[in-house]
Amino acid sequence: MFFSVTWATALLTGIFSVHIAQRLCFPYFWKDLFYLLKVIRYGARLELYKRTKKIVTVLDRFVQQAQRIPDKPFLIYDGVTYTYRQIDERSNRVARVFEQQGAVKRGDTVAMLMSNEPDFVSVWFGLSKLGCAVAFLNTNIRSRSLLHCFNSCGAKLLVVGADLLDTLKDILPNLHEDSISVWAMKHEVSHPGVHSVLDKIEQASHEPMPAELRSTTSLKNPLLYIFTSGTTGLPKAAVITHLQSLKAAGGFWAYGGTAEDVIYTPLPLYHSAASLIGIGGTIELGATCVLKKKFSASQFWNDCRKYDVTIFQYIGELCRYLCNQPKAENEKDHKVHMGVGNGLRQDVWKEFHERFGKIRMCELYGSTEGNLCFMNHIGKIGAVGRSNFFYKLLFKYDLVKYDMVKEEPVRDDQGFCVRVKRGEMGLLLSKISSQSPFFGYAGSKQLTENKVLRNVFVKGDVYFNTGDLMVEDEENFISFKDRVGDTFRWKGENVATTEVTEVLGLPDFIQEANVYGVEVPAHEGRAGMAAIIVRPGFEFDGKKLFETVLTHLPTYARPLFIRIQESMEMTGTFKQQKFRLVKSGFNPSTISDPLYFLDYTEKSYVPLTDSIYESIRARQRKL
């Protein structure tokens with residue numbers, strides 16, 4: 001009896017000691033393990049699809065859910081509930097309309113220019129049921145950029161929302177000239193050459209379309225084109241395959257989402273976060289999505305209480321807007337337990353918790369076209385993701401030294417990239433392989449090649465260049481620091497400096513422009529700023545420049561600040577120097593060059609005075 005008690009005591013002591021050691025040395029072991037098992041489980045499902053060629057796509061999953069839970073709310077929009085059955089049948093009607101009109105066939109690409117609404121999903125799914133690839137157009141882009149989008153993805157038909165039809169007035173002749181058929185989500189249309197859709201939907205059958213039309217035998221077949229501003233030029237059509245859409249649809253599930261959750265999506269559906277993660281993730285769970293046309297900080301918590309929201313999608317700016325709202329007594333009176341998104345700054349994260357309760361904020365990292373994803377499943381404030389030994393076996397990535405002045409990775413004497421030390425900032429590269437493919441962009445092969453780095457560590461290896469500077473700390477937490485090259489992020493959107501530069505070249509008084517992003521206190525991302533040289537014999541015209549950017553650029557891409565210089569500093573390879581301009585910011589007390597500010601009240605670029613600067617710093621002026 002004595003020996004058995006001794007052995008039991010020793011065993012319990014040993015278990016307790018191992019537990020203490022694990023908590024001290026490997027505090028995240030169990031959370032890492034359970035998360036990794038989920039990743040492996042989901043990956044095994046995709047691998048099975050690949051091997052058997054019996055692929056259950058996100059759309060197939062939706063049809064299954066419509067049969068399994070037909071009367072469950074799928075979308076709630078503007079107070080109206082739409083069940084899985086209703087959206088399924090509505091999408092069947094859409095498919096029937098375009099089939100009967102002979103407008104499209106399997107394999108065609110169709111563009112959509114629509115705001116957030118239930119019919120966005122119905123049109124998307126209806127076209128997919130015909131076997132078409134669908135291109136989501138950013139509703140902020142106009143004229144030349146919009147025409148470019150059609151050329152890059154090869155779409156020959158456009159479906160436009162009723163509220164956006166008038167924005168096409170200037171380019172309708174160009175679309176007709178290029179034989180692009182335009183269909184508007186209206187009962188009748190007065191615009192010449194534009195077809196109506198809603199009247200035809202009402203007459204169409206809701207009987208299911210043959211499943212073979214939407215079927216695919218490869219996960220690598222294109223499903224969508226989502227436009228993104230990358231490191232160069234006009235918007236690029238990122239190729240979204242079934243593989244990428246299925247991975248994104250598992251996001252909520254990986255974070256512990258269930259069918260009982262109600263997901264709040266105020267982000268635009270033309271972005272991958274709302275469409276692939278939001279709608280796709282809702283379908284994967286068999287949950288309900290509350291869809292907003294536009295985000296409203298004043299309505300957010302009332303909506304959450306009204307619809308019993310449990311999960312919401314965000315970008316960092318969204319959470320800051322919520323924190324900037326006047327305090328209310330019932331701020332913690334809600335059922336929200338999780339937020340999923342990216343770009344949440346540490347200070348905003350902490351304030352958000354203090355104001356609205358300990359909501360689990362699940363940061364994730366991954367570009368629309370990228371081949372790598374990080375998820376902060378631990379919830380550490382300030383991190384976009386977490387890695388570990390096993391994750392690195394599955395997904396090969398590295399952080400390499402980056403020359404901020406030359407704007408290129410540092411290479412050693414042998415011509416190979418140099419890895420940074422743990423805790424140092426470096427450019428994130430992700431190895432391209434059969435496990436982590438990079439599908440690139442539609443159109444020119446050069447666009448895809450521009451995002452690829454070759455001979456990185458050995459001859460012949462190939463990596464995807466994320467264009468992001470990151471840090472991985474001693475505990476394997478990964479933090480985002482900055483973007484490099486010719487792109488910066490503002491208001492949740494990527495701003496391509498080359499596109500803005502082209503627009504700034506339109507006024508006759510501007511000889512040269514150098515566009516970059518500057519940090520603004522208490523704001524996520526970087527605000528647009530341009531250093532310009534005024535053409536000899538001309539004067540700076542703030543009103544004319546205001547009219548130019550208002551006409552040709554979306555709100556988020558318009559430079560907020562202008563800096564007039566006598567000459568433009570160049571790099572050794574004759575590229576415009578941005579690094580020192582970025583570092584100097586927009587403070588008129590430390591910059592001797594004339595500075596101007598985009599003033600919507602005056603409808604002009606006005607001199608940036610110390611008082612305007614201080615009002616921006618104090619958050620008294622809305623940007």
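Here the structure is shown first, and the text comes after it.
Residues numbered from 1 in each chain as written. Predicted model: local features only at pLDDT ≥ 70, side-chain atom pairs only at ≥ 80, totals over all residues. Heavy atoms only, no water.

A.B. asks: Could you give me a rundown of the overall build of the chain, with the residues and numbers involved?
C.D. replies: When you go through the chain residue by residue, the secondary structure sums to 21 helices and 30 strands. Taking 25 Å as the expected radius of gyration for a compact globule of 623 residues, we find that the chain reaches 26 Å, a close match to that expectation. For the C-alpha atoms alone, the extent of the chain along its principal axes is close to 105 × 65 × 60 Å. By residue count, 56% of the 623 residues in the chain fall in the buried class. Of all intrachain contacts in the chain linking residues separated by at least 6 positions in sequence, the fraction that spans at least 24 positions is 69%. When the accessible surface of the chain is totalled, it reaches about 28400 Å², and 53% of it is carbon and sulfur. Positive and negative charge centroids in the chain, built from 77 and 68 side chains respectively, lie 5 Å apart. (Helix = DSSP H or I, 4+ residues; strand = E, 2+ residues; numbered from the N terminus. Rg over C-alpha atoms; globule rule 2.2 N^0.38 Å. Buried < 20%, exposed > 50% of the residue type's maximum accessible area, 1.4 Å probe, protein only. Contact = heavy atoms within 4.5 Å. Areas by Shrake-Rupley, 256 points an atom, 1.4 Å probe, with all protein chains shown as cover. Lys, Arg positive; Asp, Glu negative; His and termini not counted. Charge placed at Lys NZ, Arg CZ, Asp CG, Glu CD.)

A.B. asks: Describe the sheet that holds strand S11 (residues 288-291), with residues and values.
C.D. replies: If you trace the eight strands from one edge of the open sheet to the other, you get S2-S1-S11-S10-S12-S13-S14-S15, paired in mixed fashion. Two strands bound the open sheet, and with one partner strand each, they are strand S2 (80-83) and strand S15 (374-375). When strand S1 (residues 73-77) meets S11, the two strands line up parallel, connected through three bridges. Bridged to Ile 76 within S11 is Val 290. Relative to S2, helix H4 (residues 84-100) is tilted by about 75°, and along the sheet it contacts S1 and S2. (Pairing = 2+ DSSP bridges. Axes fitted to C-alpha atoms, helices over the stretch in contact; angles between N-to-C directions.)

A.B. asks: Before we move on, can you summarise the packing of aromatic side chains with the specific residues and values?
C.D. replies: Within this structure, the stated rule accounts for 36 aromatic pairs. Between the aromatic rings of Trp 124 and Phe 136, the centroid separation amounts to 5.2 Å while the plane-to-plane angle is 85°, which identifies the pairing as edge-to-face. Here Trp 124 is found in helix H5 (residues 118-129), whereas its partner Phe 136 is found in strand S4 (residues 133-136), with twelve residues between them in sequence. No difference in accessibility class separates Trp 124 from Phe 136, as the two residues are buried. Ring geometry for Phe 389 and Phe 390: centres 5.4 Å apart, planes at 80°, overall edge-to-face. Phe 389 gets classed as exposed once you look at its relative accessible area, which sits at 58%. Through pairs of rings, three or more aromatic residues link up here, namely Tyr 264, Phe 295, Phe 300, Trp 301, Phe 312, Tyr 314, Tyr 321, Phe 352 and Phe 356. The ring of Tyr 441 has Lys 236 sitting right over it, with the charged end atom 4.3 Å from the ring centre. The aromatic ring of Phe 477 is capped on one face by Arg 386, whose charged end is 4.8 Å from the ring centroid. (Phe/Tyr/Trp six-rings, centres within 6.5 Å; stacked < 30°, edge-to-face > 60°. Lys NZ or Arg CZ within 6 Å of the ring centre and 35° of its normal.)

A.B. asks: Tell me about the sheet that holds strand S29 (residues 595-599), and please be specific about residues and values.
C.D. replies: Two pairing modes exist for strands in a sheet, parallel and antiparallel, and in both the strands are linked by backbone hydrogen bonds. In spatial order, the strands read S26-S27-S28-S29-S30; together these five strands make up an open sheet with mixed pairing. Two strands close off the open sheet at either side, each with one partner strand: strand S26 (510-518) and strand S30 (604-607). Taken pair by pair, the neighbouring strands of this sheet meet at an average axis angle of 30°, ignoring direction. For strand S27 (residues 527-534) and strand S28 (residues 561-564), the ladder comprises four bridges, and the chain directions are parallel. Paired with Ile 532 across the two strands is Ile 564, which belongs to S28. Together, S26 and S27 form the strand contacts of helix H18 (residues 497-504), whose direction differs from that of S26 by roughly 150°. Set on the sheet, helix H19 (residues 542-552) makes contact with S26, S28, S29 and S30; between it and S30 the angle comes to about 135°.

A.B. asks: Break down the pattern of salt bridges for me, citing the residues and quoting the values.
C.D. replies: Taken as a whole and assessed by the stated rule, the structure comprises 28 salt bridges. Across the pair Asp 88 and Lys 129 runs a salt bridge whose closest N-O atoms are separated by 2.5 Å. Residue Asp 88 is found in helix H4, and its partner Lys 129 is found in helix H5; the two are separated by 41 residues along the sequence. Overlapping salt bridges bring together Arg 320, Arg 345, Asp 347 and Glu 524 as one network. (Salt bridge = Lys/Arg side-chain N within 4 Å of Asp/Glu carboxyl O.)

A.B. asks: Requested: an account of the nonpolar core, with residues and values cited.
C.D. replies: With 129 residues, the main nonpolar core has Phe 98, Leu 158, Leu 168, Ile 279, Phe 312 and Phe 352 as its most contacted residues. In contact with Phe 98, not counting residues within four places along its chain, are Ala 103, Val 104, Leu 127, Leu 130, Leu 157, Val 159, Trp 183 and Val 197. Core analysis: the second largest hydrophobic core is formed by 46 residues, Val 515, Ala 527, Ile 533 and Val 549 among them. (Core = buried A, V, L, I, M, F, W, Y, C linked by side-chain atoms within 4.5 Å.)

A.B. asks: Please provide a residue-by-residue account of the packing of helix H10 (residues 242-249) against helix H12 (residues 272-285), values included.
C.D. replies: Relative to each other, H10 and H12 sit at 70°, their axes nearing to 7 Å. Put simply, H10 runs roughly perpendicular to H12. Here H10 contributes Ser 245, Ala 248 and Ala 249 to the contact with H12, which in turn contributes Leu 276, Ile 277, Gly 280, Gly 281 and Glu 284. (Parallel < 35°, antiparallel > 145°, perpendicular 65-115°, else oblique.)

A.B. asks: An account of the side chain of Asp 468 is requested, with residue identities and associated values reported.
C.D. replies: Positionally, Asp 468 belongs in strand S22 (residues 462-472). Take Asp 468: its relative accessible area is 3%, and that puts it in the buried class. Engagement of the side chain of Asp 468 in a polar contact is seen with the side chain of Tyr 365, the distance being 2.5 Å. When residues no more than four places from it in sequence are discounted, the contact partners of Asp 468 are Tyr 365, Gly 426, Leu 427, Leu 428, Phe 480, Asp 482 and Arg 483. (Polar contact = N/O pair within 3.5 Å; in protein donor to acceptor, adjacent residues only side chain to side chain.)

A.B. asks: How would you summarise the environment of Ala 44 if you had to cite specific residues and measurements?
C.D. replies: The residue Ala 44 is located in helix H2 (residues 29-52) in this model. Looking at Ala 44, the relative accessible area reads 44%, which means it is partly exposed.

A.B. asks: With reference to specific residues and values, describe the pairing of strand S10 (residues 262-265).
C.D. replies: Here S10 shows no split at all, with Val 262 and Tyr 264 on one side and Ile 263 and Thr 265 on the other all buried. The pairing of S10 with S11 spans four bridges and is parallel. Note on S11: the bridge partner recorded for Tyr 264 is Val 290. In this region the chain leaves S10, passes through H12 and returns to the parallel neighbour S11; the handedness of that crossover is right-handed. In the sheet, S10 pairs with strand S12 (residues 311-315) via two bridges, with the strands oriented parallel. In the strand pairing of S12, Ile 263 is matched with Ile 311. (Right-handed = clockwise from strand over helix to strand, strands pointing away.)

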